[in-house]
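Per-entry structural report
Given next are the chains, with one letter for each unit.
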Amino acid sequence: MIDFKNSSVFKLKPIHIEDAREDFHKFMIEGESIFAAFKSIRDQVIFTNKRIIAANVQGITGSKVDYTSLPYSKIQAFSVESSGTLDLDCEIEVYLSELGMAKFEIKGSFDLIKFNQCISQYVLA
């Protein structure tokens, strides 16, 4: 599992949903669909209508991957911060019972308003 207490920041850029790791679909349940996908150099994070799934690629070869699932039912609060004039990154913070905070920094063009509407619908349900 990803150690959120010591390494809670993911620096990501948006990608098309179709470009997300194919193996994410192996972990998804019936009725689950992706509404946002992001990647770093090796890692990826998807937001579905049920949870957040992070793929943390490990080792030199990258053949070992840790998948961490963060169900929306465990999120106590979340925060979104838009980019500014000098700070070009958007930030998403989720506060999970038992785990603490996970922070996602998003670089590049990203519709934060639409994302906020989607995640609000699932977290507040």
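Here's what I pulled together on the structure shown here. None of the values given here were measured: they were computed from a predicted structure.

**Remarks on the pattern of salt bridges**
- Following the criterion strictly, the structure yields five salt bridges and no others.
- In this structure, R51 engages E32 in a salt bridge whose closest nitrogen and oxygen atoms are separated by 2.8 Å. Taken together, the residues span a long stretch of sequence, with R51 in strand β4 (residues 51-58) and E32 in the loop between α1 (24-27) and β2 (34-39) at a distance of 19 residues.
- For R51, a relative accessible area of 14% translates into the label buried.
- Taking relative accessible area as the criterion, E32 reaches 9% and is therefore assigned buried.
- Between E91 and K103 there is a salt bridge, with its nearest N and O atoms 3.5 Å apart. Within this pair, whereas E91 is found in strand β7 (residues 90-96), its partner K103 is found in strand β8 (residues 100-106), the two being separated by twelve residues in sequence.

**Let's talk about the pairing of β8**
- Among the seven residues in β8, five count as buried, and that is most of the element.
- Bridge analysis of β7 against β8 gives seven bridges, and the strand direction is antiparallel. Paired with V94 across the strands is A102, a residue of β8.
- Linking β7 back to β8 in an antiparallel pair, the connection comprises three residues, with E98 at a positive phi of about 80 degrees.

**Some words on the pairing of strand β5 (residues 64-71)**
- Bridge count between β4 and β5: eight bridges; the pairing is antiparallel. Within the sheet, the bridge partner assigned to A54 lies in β5 and is T68.

**Section: the environment of G108**
- With respect to the element layout, G108 can be found in the loop between β8 and α2 (112-123).
- Sequence separation between G108 and L12 is 96 residues; the distance between their C-alpha atoms is 9.0 Å.

Definitions and cut-offs
Residues numbered from 1 in each chain as written. Predicted model: local features only at pLDDT ≥ 70, side-chain atom pairs only at ≥ 80, totals over all residues. Heavy atoms only, no water. Salt bridge = Lys/Arg side-chain N within 4 Å of Asp/Glu carboxyl O. Helix = DSSP H or I, 4+ residues; strand = E, 2+ residues; numbered from the N terminus. Buried < 20%, exposed > 50% of the residue type's maximum accessible area, 1.4 Å probe, protein only. Pairing = 2+ DSSP bridges.

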